[in-house]
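Commentary on secondary and tertiary structure
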Amino acid sequence: MRGAPHNEDLLRELAPQVLGVLVRRSSDFDAAEDAVQEALLSAARHWPEEGTPDNPRGWLIQTSSRKLLDHMRSEKARRRRESLAAVREPPAGESTGPPSRDDTLTVLFMCCHPSLTAASAIALTLRAIGGLTTAEIASAFLVPEATMAQRISRAKQRIKASDVPFGMPTRAEWTQRLRSVLHALYLIFNEGYASSAGDDLHRVELSSEAIRLTRMVHRMLPDDSEVAGLLALMLLTDARRPARTDADGELIALDEQDRTLWDRQLIAEGVALIDGAVTKGAVGEYQLQAAIAALHVRAARVEHTDWPQILALYGLLERMTGNPVVSLNRAIAAAMVHGPAEGLTLLGALDERLPRHYRLDAVRAHLFEMVGDVEAAVKHYRAAASRTTSVPEQRYLTKRAARLRAGLDAKDVKNSTQGPSTD
Amino acid sequence: MTKYLLTVDYNGGVIETPMTEWAPEEIKAHMDYYGALNQELTDSGELVEQQALTGPELAKVVSSDGGTAPVVTDGPFAEFKEMLAGYQLVDVESEDRAIEIAAKVSRVPGPGGMPLQQPIGVRLVMDDSDFELLTPEL
């Protein structure tokens, strides 16, 4: 990350606003985005020495406009003369006016345009809205900087080619376009959350970044209950993070987590958000997921979990999304309410919809473990371990199979592997 | 995005003739094809890394019991044809795309422009993802 923390927060807050102004003037998203990146780097170099300007937003707009102008001059492209004139003569007073919320949102809608693949949308959002450098984004996704630079450049070319007008989506396309935005934010969070066990301290905290961006969207669209739902889901999931891995970075399942380690502040905020959102009507999938997460974190002890309520919510979510992974979760909830046999029956219907999927094996193993069929549980834990693509999950599943095999009581193993120094 | 390792062995596919016996323009066409493919993957932001490996002449096998000095030998290796000759690490949207790229590698031209049809290994790289978000109950 660049610069002093204060400057960095300010720069990243201003980045999408400045970009919005430039795109509006030049109609060249690609060049404008590059120009803003250069201006941000320049600010990070000069502000710590020369002091933060009185009007940082105006400074950034001026500097990036100049960079954009330089770029256009060097391009010597005749077809760009028109936009050149527009950049040269900014409407009076605009650069010092109040920040436009709409511009930030409009840029975000562009970055998550449905014509882009999810991976491109994520990369572009992190750079244009998040104000991260290409190197930071590349390191977060564990690819070389050149690879990420190419991906971002292609995304911008695609936006250019698709001729998306710079403006808010129309009423008719609003829901679908907002869904693309929320999906991109969700994937950024997911990526960061997944890598929380990683030991690379230099990796950008993608989950914190996703929360920051979703907070921003929530501030701009406070009445949208799905935005609130997504933010709540992120906060409630993030709240469990301290209990999610042990001192060695090994995964700990929800029912074995030390719940006193959960972040109470995040939980309070997330619960308040989701409670507020569901009273507004128009229940969506993020709200349902957040409501389920809220039921989990409300239980101070695992045996206090309100499984009937969770089962009902998964039922709603299943009907809404048709996602087989949701059906998988519903089977677990059904097992907790009606017994593992019921859960296993529900899983039977999923073999075709989730063929050879390790999660199906993992859930089946859990349920066989609940029934007391150790042999079947071991078999399915092993099958799941051989099919997962995740290193920490593979370790978790292998260990789970091994400890069943060894005929140990789950709690004994938890005590001996977790050790006294988890906190 | 998911990372896949595409591997190619010293297996000439349908062509038995070693490259040293190809016509110079055939070798050039072969190299140009690889060059163009790697450029395409670079431009698309999918290529993470690619390497060619030296052959058995320069390869070693090391084993160690942790106590005595490691044992270093010049073999034995799997059959020459089954030995790794090179790889590409790609980061792609789907397995379909990984397979599509592997197919392009496989049909690299040989003598007379004939596609070599080399067998390409497609291996999914593990990551550090975590199922809690999608399946919190586990």
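This one's a predicted model, so the numbers in the text were calculated from it and none came from an experiment.

**A short note on the overall build of chain B**
- Within chain B one finds two helices and six strands.
- Relative to the compact-globule value of 14 Å for 138 residues, chain B shows a C-alpha radius of gyration of 19 Å, a clear excess of over 25%.
- Overall size of chain B, expressed as C-alpha extent along the three principal axes, is 60 × 50 × 25 Å.
- Considering chain B as a whole, with its 138 residues, one finds that 36% of them fall into the buried category.
- With an accessible surface of roughly 7600 Å², chain B has 57% of that area assigned to carbon and sulfur atoms.
- Side chains of chain B carry 8 positive and 25 negative charges; the gap between the two charge centres is 5 Å.

**With respect to the overall build of chain A**
- Of regular secondary structure, chain A possesses 21 helices and zero strands.
- Each of the 423 residues in chain A was classed as buried or not, and the buried ones make up 54%.
- Taking the contacts inside chain A whose residues are at least 6 apart along the sequence as the reference set, 65% of them involve residues at least 24 apart.
- Carbon together with sulfur atoms contributes 51% to the accessible area of chain A, which is approximately 19300 Å² in total.

**A short note on the confidence of the model for chain B**
- Mean pLDDT over chain B works out to 91, with 95% of the residues at or above the 70 mark.
- ipTM for the predicted complex: 0.78, alongside a pTM of 0.83.

**Things to note about unusual backbone geometry**
- Omega for the bond connecting B:Gly75 with B:Pro76 falls within 30 degrees of zero, at -5°, which places this linkage in the cis form.
- Secondary-structure assignment places B:Pro76 in the loop between strand E4 (71-73) and strand E5 (84-92).
- Positive phi is not limited to glycine here, since A:Arg356 has a value of about 55°.
- With a phi angle near 60°, B:Gln117 is a residue other than glycine that sits in the positive phi range.
- With respect to the helices and strands, the residue B:Gln117 is situated in the loop between helix H2 (95-106) and strand E6 (120-124).

**Some remarks on the packing of helix H13 (residues 264-278) of chain A against helix H14 (residues 285-298) of chain A**
Residues and elements named next belong to chain A.
- As a packed pair, H13 and H14 sit with axes 10 Å apart at the nearest point and diverge in direction by 135°. With respect to each other, H13 and H14 are oriented oblique. H14 is crossed by H13, and the crossing has left-handed handedness. Of the residues in H14, those in contact with Arg264, Ile267, Val271, Ile274, Asp275, Ala277 and Val278 of H13 are Gln287, Ala290, Ala291, Ala294, Val297 and Arg298.
- Counted by class, the contact of H13 with H14 contains nine nonpolar, one polar and three charged residues.

**Comments concerning the sheet that holds E5(B)**
All names here are of chain B.
- The four strands lie next to each other as E2-E5-E1-E6, forming an open sheet whose pairing is antiparallel. Across the chains shown, the open sheet's two edge strands, defined by having one partner strand only, are strand E2 (47-52) and E6. Across this sheet, the average inter-strand angle for adjacent strands is 15°, counted without regard to direction.
- Relative to E6, strand E1 (residues 2-9) is paired through five bridges, and the arrangement is antiparallel. Bridge pairing in E6 places leucine 5 opposite arginine 123.

**Concerning the state of the cysteines**
- With the rule as written, the count across this model stands at zero disulfides over all chains.
- Free cysteine A:Cys112: the closest other cysteine sulfur is in A:Cys111, separated by 6.2 Å.

**Regarding the side chain of A:Glu33**
All names here are of chain A.
- Mapped onto the secondary structure, glutamate 33 falls in helix H2 (residues 29-50).
- Separated by 2.8 Å, the side chains of glutamate 33 and lysine 156 make a polar contact.
- If sequence neighbours within four positions are ignored, glutamate 33 has contacts with Leu19, Arg127, Ala128 and Lys156.

**Observations concerning the pattern of salt bridges**
Residue and element names in this part refer to chain A.
- The final tally for this structure, using the stated rule, is 31 salt bridges over all chains.
- With a closest N to O distance of 2.9 Å, arginine 127 and aspartate 34 form a salt bridge. Remark: aspartate 34 occurs in helix H2 and arginine 127 occurs in helix H6 (residues 118-128); sequence separation between them is 93 residues.
- On the basis of relative accessibility, which here comes to 10%, the residue arginine 127 falls in the buried class.
- You can call aspartate 34 partly exposed: its relative accessible area is 32%.
- Ionic pairing is found between arginine 330 and glutamate 318, a salt bridge with its closest N-O pair at 2.6 Å. Placement of the pair is arginine 330 in helix H16 (residues 324-338) and glutamate 318 in helix H15 (residues 307-321), with a sequence separation of twelve residues.
- Through salt bridges with shared partners, one network takes in Asp30, Glu33, Asp34, Arg127 and Lys156.

**Quick look at the interface of chain B and chain A**
- Taken together, the 26 residues of chain B in the interface contact 48 residues of chain A.
- Taken together, the two surfaces of chain B and chain A that pack against each other cover about 3100 Å², and 56% of this comes from carbon and sulfur.
- At the boundary of chain B with chain A, the tally comes to one salt bridge.
- A:Arg151 serves as the salt-bridge partner of B:Asp91, at 3.0 Å between the closest nitrogen and oxygen.
- Joining chain B to chain A, the criterion identifies nine residue pairs in polar contact (both at pLDDT 80 or more).
- Contributions of two or more residues to the side of chain B that touches chain A are made by helix H1 (24-43) and E2 of chain B.
- A class-by-class count of the residues in the side of chain B that touches chain A yields eleven nonpolar, five polar and ten charged.

**What to know about the nonpolar core**
Residue and element names in this part refer to chain A.
- One finds Phe29 and Leu60 to be the most contacted residues of the largest nonpolar core, which totals 102 residues.
- Excluding its chain neighbours within four sequence positions, the residues that come into contact with leucine 60 are Leu11, Leu14, Val18, Ala39, Leu40, Ala43 and Trp47.
- Counting 28 residues, the second-largest nonpolar core is a separate cluster that includes Ala335, Leu347, Leu350 and Val378.

**Comments concerning a nonpolar patch on the surface**
Residues and elements named next belong to chain A.
- Taken together, Val278, Val283 and Met320 make up a surface patch of nonpolar side chains, about 230 Å² in accessible area.
- Locating valine 278 in the fold gives a position in helix H13.
- Among the residues examined, valine 278 registers a relative accessible area of 38% and is labelled partly exposed.

**Re the confidence of the model for chain A**
Residue and element names in this part refer to chain A.
- On average, chain A scores 85 in pLDDT, and the residues at 70 or more come to 86%.
- Model confidence for chain A, summarised as mean pLDDT per element, is weakest for helix H21 (residues 410-418) at 52 and strongest for H15 at 96.
- Here residues 419-423 is a poorly scored stretch, pLDDT under 50, and it has five contacts once near neighbours within four places are set aside; other chains count.

Here is what the cut-offs are and how they apply
Residues numbered from 1 in each chain as written. Chains lettered and ligands numbered in written order. Predicted model: local features only at pLDDT ≥ 70, side-chain atom pairs only at ≥ 80, totals over all residues. Heavy atoms only, no water. Helix = DSSP H or I, 4+ residues; strand = E, 2+ residues; numbered from the N terminus. Rg over C-alpha atoms; globule rule 2.2 N^0.38 Å. Buried < 20%, exposed > 50% of the residue type's maximum accessible area, 1.4 Å probe, protein only. Areas by Shrake-Rupley, 256 points an atom, 1.4 Å probe, with all protein chains shown as cover. Lys, Arg positive; Asp, Glu negative; His and termini not counted. Charge placed at Lys NZ, Arg CZ, Asp CG, Glu CD. Contact = heavy atoms within 4.5 Å. pLDDT = per-residue confidence, 0-100. Axes fitted to C-alpha atoms, helices over the stretch in contact; angles between N-to-C directions. Parallel < 35°, antiparallel > 145°, perpendicular 65-115°, else oblique. Left-handed = near helix turned anticlockwise from the far one by under 90°. Nonpolar A, V, L, I, M, F, W, Y, C, P; charged D, E, K, R; others polar. Pairing = 2+ DSSP bridges. Disulfide = S-S within 2.5 Å. Polar contact = N/O pair within 3.5 Å; in protein donor to acceptor, adjacent residues only side chain to side chain. Salt bridge = Lys/Arg side-chain N within 4 Å of Asp/Glu carboxyl O. Buried area = accessible area lost by both parts, 1.4 Å probe. Core = buried A, V, L, I, M, F, W, Y, C linked by side-chain atoms within 4.5 Å. Patch = residues over 30% accessible without salt bridge, like charges linked within 9 Å, V, L, I, M, F, W, Y side chains within 5 Å.

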